[in-house]
Amino acid sequence: MSRILVTGGKGFLGQHVVARLREDAHDVQVFARPEPSSPAEEDGVFWGDIRDGEAVDAAVRGSDVVIHLVSNFRKGGSDKKEARAINVNGTVNVLEACGKHGVRQLIHCSTIGVHGSVREIPATETTAFNPTDLYQETKLEAEQEVWRHHREKGLPVTVIRPISLYGPGDLRMLKLFKMIKKGTFLMVGSGDALFQPAYIDDVVEGFRLCLENPAALGEVFILGSEGYLPLKELVRTIAEEMGVAPPTRRIPLGPVLWLAGVCERVCEPFGIEPPLHRRRVSFFQNNRAFSIEKAKRVLGFDPQVPLREGIRRTVRWYEENGYL
């Protein structure tokens, strides 16, 4: 079996990818940034910072495949230098190490965010780029670096743009579930913006299907679960699966966007993370509706977890782990 390095292998997506590949008996190594509680040494783990080219080089050496998941996930704009250093410069470190050590395939995790609020529904891999925040802009820059190394240096690459992830182990969507359960959720705007949840197991299977697959080389795939729905319907479904009344309170979008902009202008010059920012409000504003037909046609991708079942499993995990 192949020796695979997963950067960001301690994150939500990374942990699921690593577990799935180890089930397939691959020799999987992890590159991750240590936390204060991390052990000094751990089998199969390279501790390091993606911005450190020497650390990245040492981790990549000897790998057949690299799955690059590390990213500086979305903040409100108080982290401009860090976002570019991690998302763009860190990706370049990975690309250069892969080229130097003759890696057979780099699977790069981009994001559907490069398409921003989509202008065609459903969007596809060829839909125009439309990044609307710092995270999306730097992820697009990183993806363009991947394609440059493929085009100019012949690096064998596959790019994956996952749709919005959720499932057991995810804590980013937890706040939404908590507010719905407590009855404190407040819809901003009409709730008609389209949202497409992507259950973690389905997305991980998509990564596995790309692994050392000749049909995946030089290609980009949008990966996620089937179907999209208005945000208000997602909220109602979550409420029903938790056995609580669906939220009904709403406030207009315009004033919230204005307030978010004010918070950014006040906080960003001081490097303070704004308590409210436009990227957060975009959850209620942007359309995220995508086609997975290319992955189905080329990879044989076949999502298995319907929305209600995925939400049910997620709620169960939150409850079993004391989050709800």
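Residues numbered from 1 in each chain as written. Predicted model: local features only at pLDDT ≥ 70, side-chain atom pairs only at ≥ 80, totals over all residues. Heavy atoms only, no water.

## A look at the overall build of the protein chain
Here comes step 1: On a plain count of helices and strands, the protein chain comes out with 11 helices and 13 strands.
Here comes step 2: For 324 residues, the compact-globule estimate of 2.2 N^0.38 gives 20 Å, and the C-alpha radius of gyration of the protein chain, at 20 Å, lies within 12% of that figure.
Here comes step 3: In terms of overall dimensions, the protein chain has a C-alpha envelope of 55 × 45 × 45 Å along the principal axes.
Here comes step 4: In the protein chain, which comprises 324 residues, the share counted as buried stands at 52%.
Here comes step 5: A sequence separation of at least 24 residues applies to 76% of the contacts in the protein chain between residues at least 6 apart.
Here comes step 6: Taken as a whole, the protein chain presents about 14,500 Å² of accessible surface, with 51% of it coming from carbon and sulfur.
Here comes step 7: Averaging the locations of the 42 positively and 42 negatively charged side chains of the protein chain gives two centres separated by 5 Å. (Helix = DSSP H or I, 4+ residues; strand = E, 2+ residues; numbered from the N terminus. Rg over C-alpha atoms; globule rule 2.2 N^0.38 Å. Buried < 20%, exposed > 50% of the residue type's maximum accessible area, 1.4 Å probe, protein only. Contact = heavy atoms within 4.5 Å. Areas by Shrake-Rupley, 256 points an atom, 1.4 Å probe, with all protein chains shown as cover. Lys, Arg positive; Asp, Glu negative; His and termini not counted. Charge placed at Lys NZ, Arg CZ, Asp CG, Glu CD.)

## Considerations on the packing of helix α5 (residues 174–182) against helix α11 (residues 307–320)
Here comes step 1: Orientation of α5 relative to α11, taken along the N-to-C sense of each, is 85°, at an axis distance of 12 Å. The pairing of α5 with α11 is recorded here as roughly perpendicular in orientation. Counting all contacts with α5, which are made through L174, F177 and K181, the residues of α11 involved are I311, T314, V315, Y318 and E319.
Here comes step 2: Considered class by class, the residues forming the contact of α5 with α11 number five nonpolar, one polar and two charged. (Axes fitted to C-alpha atoms, helices over the stretch in contact; angles between N-to-C directions. Parallel < 35°, antiparallel > 145°, perpendicular 65-115°, else oblique. Nonpolar A, V, L, I, M, F, W, Y, C, P; charged D, E, K, R; others polar.)

## Considering the pattern of salt bridges
Here comes step 1: This model, assessed by the stated rule, comprises 27 salt bridges.
Here comes step 2: A salt bridge links R51 to D49; its shortest N-O distance comes to 2.8 Å.
Here comes step 3: A salt bridge links R308 to E240; the shortest N-O distance between them is 2.4 Å. Taken together, the residues R308 in helix α11 and E240 in helix α7 (residues 231–242) connect sequence positions 68 residues apart.
Here comes step 4: The exposure class assigned to E240 is partly exposed, which follows from its relative accessible area of 40%. (Salt bridge = Lys/Arg side-chain N within 4 Å of Asp/Glu carboxyl O.)

## Overview of α11
Here comes step 1: The end-to-end C-alpha distance of α11 is 20 Å, a good match for the 20 Å that 14 residues give at a rise of 1.5 Å each.
Here comes step 2: Buried-residue contacts for α11 involve β7 (165–166), α5, β10 (198–199) and α7.
Here comes step 3: In the stretch just after α11, G322 is the one whose phi turns positive, near 80°. (Expected span 1.5 Å × (residues − 1).)

## Examining the environment of G167
Here comes step 1: Locating G167 in the fold gives a position in the loop between β7 and α5.
Here comes step 2: The sequence separation of G167 and G310 amounts to 143 residues, and the corresponding C-alpha distance is 6.6 Å.

## Some words on the packing of helix α1 (residues 12–23) against helix α6 (residues 200–210)
Here comes step 1: Two elements in contact, α1 and α6, have axes separated by 10 Å at closest approach and are oriented at 60°. Taken together, the axis directions place α1 and α6 in an arrangement best described as oblique. Here α1 and α6 pass one another in a crossing that is right-handed. Each of F12, L13, H16, V17, R20 and L21 in α1 lies in contact with α6, whose residues at this interface are I200, D201, V203, V204, E205, F207 and R208.
Here comes step 2: Of the residues belonging to the contact of α1 with α6, the class tally is eight nonpolar, one polar and four charged. (Left-handed = near helix turned anticlockwise from the far one by under 90°.)

## Some words on the sheet that holds strand β3 (residues 45–47)
Sheets are built from strands that pair by backbone hydrogen bonding, the pairs being arranged parallel or antiparallel.
Here comes step 1: With parallel pairing, seven strands are arranged side by side in an open sheet as β3-β2-β1-β4-β5-β6-β11. Looking along the sheet, the strands with just one partner apiece sit at the ends: β3 and β11 (219–223). Averaged over neighbouring strand pairs, the angle between their axes works out to 20° when direction is ignored.
Here comes step 2: Sheet topology note: the strand β6 (residues 157–162)/β11 ladder contains five bridges and is parallel. Bridge assignment links V159 to a residue of β11, and that residue is V220.
Here comes step 3: The strands touched by α1 are β1 (3–7), β2 (27–32), β4 (65–68) and β5 (105–109); relative to β2, the strand with the most contacts, the crossing angle is about 165°. (Pairing = 2+ DSSP bridges.)

## Some points on the packing of aromatic side chains
Here comes step 1: All chains considered together, the criterion is met by eight aromatic pairs.
Here comes step 2: Taken together, a centroid distance of 5.5 Å and an interplanar angle of 20° make the contact between W317 and Y323 stacked.
Here comes step 3: Taken together through their ring pairs, the aromatic side chains of F177, W317, Y318 and Y323 make up a single cluster. (Phe/Tyr/Trp six-rings, centres within 6.5 Å; stacked < 30°, edge-to-face > 60°.)

## A few points about the side chain of H149
Here comes step 1: Along the polypeptide, H149 turns up in helix α4 (residues 134–153).
Here comes step 2: Aside from chain neighbours lying at most four places away, what touches H149 is L95, E96, G154 and L155.

## Describing the nonpolar core
Here comes step 1: Counting 68 residues, the largest nonpolar core has L13, I67 and F207 as its most contacted members.
Here comes step 2: Other than its neighbours up to four places away in sequence, F207 contacts L13, I67, L69, I107, C109, I160 and L223.
Here comes step 3: Counting residues in each nonpolar core, the second largest holds 22 residues, with F31, V94, L95 and W147 among its members. (Core = buried A, V, L, I, M, F, W, Y, C linked by side-chain atoms within 4.5 Å.)

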